[in-house]
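# A structural walkthrough
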Amino acid sequence: MASHRPKVEILTVEAEPGLVVEDATGSFCGAVIRADVREVVLEDRDGRRRLFPMKPASFLYEGRLATLTPPRPRQSPEQQRSASGSVRGDDRRAKVALPHRIWVEGLHDAAIVERVWGHDLRVEGVVVEPLHGADVLVEAAREFAPGPDRKLGVLVDHLVTGSKESRIAEGLRRDLGPAAQYVQILGHPYVDIWEAVKPSVVGIREWPTVPRGIEWKKGVCDALGWCDERDGARRVLGAVSTWNDLQTPLITAMEQLIDFVTT
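To start, this report covers the structure provided alongside it. All values derive from a computational prediction rather than experimental measurement. (Residues numbered from 1 in each chain as written. Predicted model: local features only at pLDDT ≥ 70, side-chain atom pairs only at ≥ 80, totals over all residues. Heavy atoms only, no water.)

### Thoughts on the layout of surface pockets
In this structure, the second largest pocket occupies an estimated 500 Å³ of space. Forming the walls of the second largest pocket are 16 residues, and the residues nearest its centre are His-158, Glu-165, Val-191, Asp-192 and Trp-216. Taken together, the elements giving at least two residues each to the lining of the second largest pocket come down to α3 (164-176) and α5 (216-224). When grouped by side-chain class, the residues that make up the lining of the second largest pocket number five nonpolar, three polar and eight charged. (1 Å grid on protein atoms, 1.4 Å probe; cavity = no way out; pocket = protein on both sides within 12 Å on 5 of 7 lines; lining within 4 Å. Points joined across faces, edges and corners; volume = space filled by probe spheres on them. Helix = DSSP H or I, 4+ residues; strand = E, 2+ residues; numbered from the N terminus. Nonpolar A, V, L, I, M, F, W, Y, C, P; charged D, E, K, R; others polar.)

This is how it looks when you write it as structure tokens:
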């Protein structure tokens, strides 16, 4: 026997920033902060953020079942702002790369720096390169041969008093002698670059505390139920789009390094 139950109409709504929706279960209501083809981040009235997959018919819009779609890119006729908050203008074209360099500790660090500051760095002609561990910093800097026309900025993780990274930084300054004035080493207090991403952006309450002796990323993935480091990287790097997604110490360090190598 044919069913006479009315067919439920599912809306298709563009997930523009600021759009207020609710997840289909009714457990979370908030404004769209960011959306792409895979997921959307919502923020409720108390500033809490949650990440949801972009699945069909997974949301409620004005009380009606809806499928969200990624916002279409829009170009401002005057100017836009880059992910770091600086003015992005058509007349600011990328320069040919200068001899100056900024080194960051690891591929994930480089990916986040590129996501947020990539436009600014291309405009200034500064290349960012991953440094595969602070342990190779002294040898690599010596080979780089910094000078007045060849400045080096270095961003390291966990740069706090007494840490291995702080001892390496002090040793490098002594090793380079007068050339040390053309090197600036800055960092943030977090064990890993993931921790410099605001937890709410990733859809968690806080970053887990990982016991000593356990590799930090592995401990985080285990605690949060993420499959592995690759899954974690996809979640963390995919959640970052602007400087607002990062903690202040990382933002401050990067801005100072850019100023140092471009002044």
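### Let's talk about the sheet that holds strand β12 (residues 152-156)
What links the strands of a sheet is backbone hydrogen bonding, and the strands pair in either a parallel or an antiparallel sense. Reading across the sheet, the four strands line up as β11-β10-β12-β13 and stay open at both edges, with parallel pairing between neighbours. Looking along the sheet, the strands with just one partner apiece sit at the ends: β11 (127-130) and β13 (183-187). Across this sheet, the average inter-strand angle for adjacent strands is 20 degrees, counted without regard to direction. Here β12 pairs with β13 via five bridges, running parallel. By the bridge assignment, Val-154 is partnered in β13 with Ile-185. (Pairing = 2+ DSSP bridges. Axes fitted to C-alpha atoms, helices over the stretch in contact; angles between N-to-C directions.)

### A look at helix α6 (residues 229-239)
Buried within α6 are the following residues: Asp-231, Gly-232, Ala-233, Val-236, Leu-237, Gly-238 and Ala-239. Buried residues along α6 sit in contact with β3 (29-35), β4 (39-43), α1 (107-124), α4 (199-202) and α5. (Buried < 20%, exposed > 50% of the residue type's maximum accessible area, 1.4 Å probe, protein only. Contact = heavy atoms within 4.5 Å.)

### With respect to the pairing of β3
Note that strand β2 (residues 20-23) and β3 share three bridges and pair antiparallel. By the bridge assignment, Val-20 is partnered in β3 with Ala-31. Hairpin remark: β2 followed by β3, antiparallel, with five residues in the connecting loop; positive phi at Gly-26, about 80 degrees. As paired strands, β3 and β4 are joined by four bridges and run antiparallel to one another. In the strand pairing of β4, Ala-35 is matched with Val-40.

### Let's talk about the sheet that holds strand β1 (residues 11-14)
If you walk across this open sheet you meet the seven strands as β1-β7-β6-β2-β3-β4-β5, and the pairing is mixed. Each end of this open sheet is capped by a strand with a single partner; those strands are β1 and β5 (49-53). Across this sheet, the average inter-strand angle for adjacent strands is 50 degrees, counted without regard to direction. By the bridge criterion, three bridges tie strand β6 (residues 59-61) to strand β7 (residues 64-69) in an arrangement that is antiparallel. For Leu-60, the partnering residue across the bridge sits in β7 and is Leu-65.

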